[in-house]
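A look at the structure
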Amino acid sequence: MALTILSLRLEEGTGIDLSTVRESTPQLRIDEPGLMVTISPLSGGAVTRDEAEAARRFADAARAYADEVERLFTAG
């Protein structure tokens, strides 16, 4: 298995969008000049329990990240 590390700095101009493809596949998209990251379950089939649990873990981690960034901003 190859290891790929992607570092992305989120700024005001970073595009962050949720869309749905073919009315059944949600996609979270992060756009930066020269880079697009798409997070979604596998298309073409029913969403699995593993995919739903992974999405919830992702959301929980994103919420914790946002809370920490906001705390650091507020602390000045």
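Let us look at the structure shown here. (Residues numbered from 1 in each chain as written. Predicted model: local features only at pLDDT ≥ 70, side-chain atom pairs only at ≥ 80, totals over all residues. Heavy atoms only, no water.)

Here we come to the overall build of the protein. Of the regular secondary structure elements, the protein holds 1 helix and 3 strands. Counted from the first residue to the last, the protein has its helices and strands arranged as β-β-β-α. In terms of overall dimensions, the protein is more spread out than a globule: its C-alpha atoms have a radius of gyration of 15 Å, far above the 11 Å expected for 76 residues. Looking at the protein residue by residue over its 76 residues, the buried ones come to 8%. Long-range contacts, defined as pairs at least 24 residues apart, comprise 11% of the intrachain contacts of the protein with a sequence gap of at least 6. As displayed, the protein offers around 6,700 Å² of accessible surface, 56% of which is attributable to carbon and sulfur atoms. Across the protein, the mean location of the 8 positive side-chain charges is 4 Å away from that of the 13 negative side-chain charges. (Helix = DSSP H or I, 4+ residues; strand = E, 2+ residues; numbered from the N terminus. Rg over C-alpha atoms; globule rule 2.2 N^0.38 Å. Buried < 20%, exposed > 50% of the residue type's maximum accessible area, 1.4 Å probe, protein only. Contact = heavy atoms within 4.5 Å. Areas by Shrake-Rupley, 256 points an atom, 1.4 Å probe, with all protein chains shown as cover. Lys, Arg positive; Asp, Glu negative; His and termini not counted. Charge placed at Lys NZ, Arg CZ, Asp CG, Glu CD.)

Moving on: the sheet that holds strand β2 (residues 25-32). Ordered by their spatial adjacency, 3 strands build an open sheet running β1-β2-β3, and the pairing between neighbours is antiparallel. Among the strands making up the open sheet, the edge pair consists of β1 (15-21) and β3 (35-39). Taken pair by pair, the neighbouring strands of this sheet meet at an average axis angle of 25 degrees, ignoring direction. As judged from the 7 bridges shared by β1 and β2, these two strands associate in the antiparallel manner. Following the sheet pairing, V21 is matched in β2 by T25. (Pairing = 2+ DSSP bridges. Axes fitted to C-alpha atoms, helices over the stretch in contact; angles between N-to-C directions.)

In this structure, the largest pocket encloses a volume near 350 Å³. Around the largest pocket, the lining comprises 14 residues; the ones closest to its centre are I39, S40, P41, E51 and A55. Breaking the lining of the largest pocket down by element, the ones donating at least two residues are β2 and α1 (49-75). Per-class residue counts for the lining of the largest pocket are 11 nonpolar, 2 polar and 1 charged. In this structure, the second largest pocket occupies an estimated 270 Å³ of space. If you trace the second largest pocket, you find it lined by L6, L8, L10, I16, L28, I30, V37, F58, A62 and Y65. Broken down by secondary-structure element, the contributors of at least two residues to the lining of the second largest pocket are β2 and α1. Looking at side-chain class alone, the lining of the second largest pocket contains 10 nonpolar, no polar and no charged residues. (1 Å grid on protein atoms, 1.4 Å probe; cavity = no way out; pocket = protein on both sides within 12 Å on 5 of 7 lines; lining within 4 Å. Points joined across faces, edges and corners; volume = space filled by probe spheres on them. Nonpolar A, V, L, I, M, F, W, Y, C, P; charged D, E, K, R; others polar.)

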